[in-house]
Amino acid sequence: MTTMPIVVTGATGQLGRLTVEALLRRGVPAADVIATGRDIAGIKDLADRGITVRRADFADTDSLAEAFAGADRLLLVSASVPVGERVANHRRVIDAAASAGVSLVAYTSTAHADTATTVIGATHRETEEYLRERGIPGVLLRNGWYLENYTGQLPQILQNGALAGAAGEGRISAASRADYAEAAAVVLTTEGHTGAVYELGGDEAFTLTELAAAISAAAGKQVTYADLPVPGFARTLAAAGLPAELAEVLADADRGMSRGEMHTASGDLRRLIGRPPVTLAEALAAALHR
């Protein structure tokens, strides 16, 4: 296992933070973990635990150079910025990693990024291509959908008795953020992953109709799935308070799901973490009894 300095970008976010915790559980010394974020006030507690905390703003090249200094490996957690800004931000991170002499960049991409037809998929594909162009040894962690995207909506779903979407009968191989983070930590701390492309997702795929049935069974309250046209789903999301651009991106993601773009039977996640990923039933039970 490597104990060379490892940078985690986006440590102020959920996936990045979980990856930092996973690295520590795997025995990486706190001093060899560099947790970065745009506003590091939110990760002061990590510094209190001996972790190196540095500011890294994807739009600020100078901050990236300082944040990556001395690093051996780097996890690039895809940016949570407007879609139009993502690729430029990712390129700046990759350029800074190359300048810092980083020996490996692991990138959190999306399922089937090479063939995905979604707006989100296009940004990941462009980032993957740029990472290859720069010639930095890389690993592509093509994360599927998060179970939390659904469990986080449970109060509203149960209140309405309905789950809305535009995914038709497309199958979704969702997994928990913690399991994706564990996979990233494995890749960052063990050898033999350079050049690998991992299609990551849960072992048990489900449709949104099946998700509604699973919620009904777990909560003891009838929930139905309302399958909407993509524009109609975007309007529903916007009416619920999401910014119009984000609503359109998420509705487009459901369109991709209807085409099977969030389904994988690779088993890569299970193999990387050495156990079965958290199931939908387990995630629902945990969320309902929180």
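Please read these numbers as outputs of a predicted model, since none were measured by experiment.

Caption draft 1: Representation of the environment of S78. Topologically, S78 is positioned in the loop between β4 (73-76) and α4 (83-99). Distance from S78 to D48, taken between C-alpha atoms, is 26 Å for residues 30 residues apart in sequence. With sequence-adjacent residues up to four places away left out, S78 is seen in contact with R86, H90, Y107, T108 and H124. A polar contact is formed between the side chain of S78 and the side chain of R86, at a distance of 3.4 Å.

Caption draft 2: Molecular detail of the packing of aromatic side chains. Here the structure, examined in full by the defined rule, presents two aromatic pairs. Aromatic pair Y150 and F206: ring centres 6.2 Å apart, planes at 70°, arrangement edge-to-face. Highlighted residues: Y150 in helix α6 (residues 148-151) and F206 in the loop between β8 (197-200) and α9 (208-219), separated in sequence by 56 residues. For Y150, a relative accessible area of 6% puts it in the buried group.

Caption draft 3: Structural view of the side chain of T36. On the secondary structure map, T36 appears in strand β2 (residues 33-37). T36 has contacts with V7, V8, T9, G10, A11, T12, I43, R54, A56 and A67, leaving out every residue within four places of it along the chain.

What counts and what doesn't
Residues numbered from 1 in each chain as written. Predicted model: local features only at pLDDT ≥ 70, side-chain atom pairs only at ≥ 80, totals over all residues. Heavy atoms only, no water. Helix = DSSP H or I, 4+ residues; strand = E, 2+ residues; numbered from the N terminus. Contact = heavy atoms within 4.5 Å. Polar contact = N/O pair within 3.5 Å; in protein donor to acceptor, adjacent residues only side chain to side chain. Phe/Tyr/Trp six-rings, centres within 6.5 Å; stacked < 30°, edge-to-face > 60°. Buried < 20%, exposed > 50% of the residue type's maximum accessible area, 1.4 Å probe, protein only.

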